[in-house]
Amino acid sequence: MGLNYRGRRKLGPLPVWRNVSRSEKGKTSSWTVKLFGVSWNSRTKKKTVDLPGNWSYTTD
């Protein structure tokens, strides 16, 4: 097990976040866009829909 760093920063008033992850393997960066409970990640290309409660639905 190594030391990992994960950070998330919102870019101004836009519904866009920059995700940065650093570990022993290197640095990974991706973008997440979220509108009306639906989010999309640039690295994984997955769409996620927020459902009521603690539920969510993810597509491949």
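Re the side chain of Asn 19
- Tracing the chain through its elements places Asn 19 in strand β2 (residues 16–23).
- Among the polar contacts made by the side chain of Asn 19, one reaches the side chain of Thr 32 at a distance of 2.7 Å.
- For Asn 19, the contacting residues outside a window of four places in its chain are Gly 7, Arg 8, Thr 28, Ser 29, Ser 30, Trp 31, Thr 32 and Asn 41.

Overview of the packing of aromatic side chains
- Within this structure, the stated rule accounts for zero aromatic pairs.
- We note Arg 8 situated over the ring of Trp 17; from NZ or CZ to the ring centre the distance is 4.6 Å.

Describing unusual backbone geometry
- Positive phi values are uncommon outside glycine, yet Phe 36 reaches one of about 50 degrees.
- You can see Phe 36 is positioned in the loop between β3 (26–35) and β4 (38–41).
- Non-glycine residue Lys 45 carries a positive phi angle of around 60 degrees.
- The residue Lys 45 is located in the loop between β4 and β5 (47–50) in this model.

Notes on the pairing of strand β6 (residues 56–59)
- In terms of strand pairing, β5 meets β6 through four bridges, oriented antiparallel. Residue pairing across strands places Thr 48 opposite Thr 58, the latter belonging to β6.
- The antiparallel hairpin formed by β5 and β6 contains five residues in its connecting segment, where Gly 53 sits at a positive phi of about 75 degrees.

Reading guide: rules and limits
- Residues numbered from 1 in each chain as written.
- Predicted model: local features only at pLDDT ≥ 70, side-chain atom pairs only at ≥ 80, totals over all residues.
- Heavy atoms only, no water.
- Helix = DSSP H or I, 4+ residues; strand = E, 2+ residues; numbered from the N terminus.
- Polar contact = N/O pair within 3.5 Å; in protein donor to acceptor, adjacent residues only side chain to side chain.
- Contact = heavy atoms within 4.5 Å.
- Phe/Tyr/Trp six-rings, centres within 6.5 Å; stacked < 30°, edge-to-face > 60°.
- Lys NZ or Arg CZ within 6 Å of the ring centre and 35° of its normal.
- Pairing = 2+ DSSP bridges.

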